[in-house]
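Residue-level listing of the chains:
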Amino acid sequence: MSAALDLFTFVAVSAGAFFFLAGTVGLLRFPDAFTRLHALTKADNLGLGLVVLGLLPRVHSLSGGLKLVLIWFLALLAGAVASQLIAGAAWRRGAGE
Amino acid sequence: MGTFLLGTAIFILATVAVGLARILRGPADADRMMAAQLLGTGGVAALLVVGVVIGEDAVVNVALTIALLAAFASITFYKAAAGGSARDSDDEGQP
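Model, not experiment: these values are computed from the prediction. (Residues numbered from 1 in each chain as written. Chains lettered and ligands numbered in written order. Predicted model: local features only at pLDDT ≥ 70, side-chain atom pairs only at ≥ 80, totals over all residues.)

Draft legend 1. Quick look at the overall build of chain A. Looking only at helices and strands, chain A features three helices and zero strands. The C-alpha atoms of chain A give 17 Å as radius of gyration, which overshoots the globular expectation for 97 residues (13 Å, by more than 25%). With the principal axes as the frame, chain A shows a C-alpha extent of 60 × 25 × 10 Å. Counting the 97 residues in chain A, one finds 41% classified as buried. When contacts within chain A are restricted to residue pairs at least 6 apart in sequence, those whose partners lie at least 24 apart make up 62%. (Helix = DSSP H or I, 4+ residues; strand = E, 2+ residues; numbered from the N terminus. Rg over C-alpha atoms; globule rule 2.2 N^0.38 Å. Buried ≥ 20, exposed ≤ 12 C-beta atoms within 10 Å, placed from the backbone. Contact = placed C-beta atoms within 7 Å.)

The following block contains the structure:
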């Protein structure tokens with residue numbers, strides 16, 4: 001059982017790290033602001049979620065695990081709002097010039 | 001397993017550091033803000049990994065604070081970019 005949980009942690013955290021790498025590559029390689037925003041917000045929040053999911057078996061208390069999930073949820077909400085606002089600012093800037 | 005997790009945290013921080021090159025290259029302020037947002041998300045992930053591996057609850061609290069600060073940073077950026085009239089879409093904030 002412990003080995004299975006370790007394998008789960010290994011796979012989930014590795015996948016999360018891969019999504020962080022994908023987000024960085026997208027941020028550096030995509031041509032304009034909106035595609036970069038698309039790569040950044042979705043890939044990074046998914047990567048954070050996978051990292052949190054992989055860490056859950058290693059948390060010893062229920063409240064500790066709940067706290068990790070809530071931090072991820074806060075990051076999701078903040079990322080959604082921030083991506084809308086940044087896209088709005090970029091759109092206004094592009095339309096104004 | 002702890003070594004692997006700490007290595008993953010370092011890897012995530014390294015990808016974030018590479019992504020920060022977008023702050024130098026720009027070209028717009030929005031792109032620079034995205035790199036700062038990446039630093040927020042990646043920092044939260046790395047801090048959560050470190051906090052769980054070393055079993056220190058305070059590090060998880062630091063991650064929570066960074067998540068909150070990243071949210072406020074983006075909202076402040078939008079308010080500044082909109083020139084203080086965020087609701088009026090017809091008003092050209094930066095002519």
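After that view, the rundown keeps rolling.
Draft legend 2. Focus on the interface of chain B and chain A. Across the boundary between the two partners, chain B contributes 43 residues, which contact 42 residues of chain A. Those elements that place two or more of their residues in the side of chain B that touches chain A are α1 (2–19), α2 (21–25), α3 (29–54) and α4 (57–81) of chain B. The element contributing the most residues to the side of chain B that touches chain A is α3 of chain B, with 14 residues. Residues belonging to the side of chain B that touches chain A are distributed by class as follows: 31 nonpolar, nine polar and three charged. (Nonpolar A, V, L, I, M, F, W, Y, C, P; charged D, E, K, R; others polar.)

Draft legend 3. View of the nonpolar core. Val44 and Leu48 of chain B are the most contacted members of the largest nonpolar core, which has 51 residues in total. Only α1 (2–29), α2 (33–55) and α3 (62–96) of chain A together with α1, α3 and α4 of chain B provide two or more residues apiece to this core. The greatest single-element share of this core, amounting to twelve residues, is contributed by α3 of chain B. Look past the residues within four positions of valine 44 of chain B in its chain and what remains in contact with it is Leu48, Ile71 and Ala75 of chain A together with Ala63, Ile66 and Ala67 of chain B. (Core = buried A, V, L, I, M, F, W, Y, C linked by C-beta atoms within 7 Å.)

Draft legend 4. Quick look at α1 of chain B. Taking 1.5 Å per residue, 18 residues should reach 26 Å; α1 of chain B reaches 26 Å between its end C-alpha atoms and fits that length. Three or more residues of α1 of chain B are buried, namely Leu5, Thr8, Ala9, Ile12, Thr15, Val16 and Gly19 of chain B. The buried residues of α1 of chain B occupy an angular sector of 125° when the element is viewed end-on, so they sit on one face. For α1 of chain B, the elements touching its buried residues are α1 of chain A together with α2 and α3 of chain B. (Expected span 1.5 Å × (residues − 1). Arc of directions from axis to C-beta.)

Draft legend 5. Spatial organisation of the packing of α1 of chain A against α1 of chain B. Relative orientation of the contacting elements α1 of chain A and α1 of chain B amounts to 10°, with a least axis distance of 9 Å. In terms of orientation, α1 of chain A and α1 of chain B fall into the roughly parallel class. Touching Phe10, Val13, Ala17, Phe20, Leu21, Thr24, Leu27 and Leu28 of chain A of α1 of chain A are Phe4, Leu5, Thr8, Phe11, Ile12, Thr15, Val18 and Gly19 of chain B, all from α1 of chain B. Its residues assigned to classes, the contact of α1 of chain A with α1 of chain B shows twelve nonpolar, four polar and no charged. (Axes fitted to C-alpha atoms, helices over the stretch in contact; angles between N-to-C directions. Parallel < 35°, antiparallel > 145°, perpendicular 65-115°, else oblique.)

Draft legend 6. Structural view of the environment of serine 2 of chain A. Note on placement: serine 2 of chain A falls in helix α1. By C-beta crowding, serine 2 of chain A is classed as exposed, having 8 other C-beta atoms within 10 Å.

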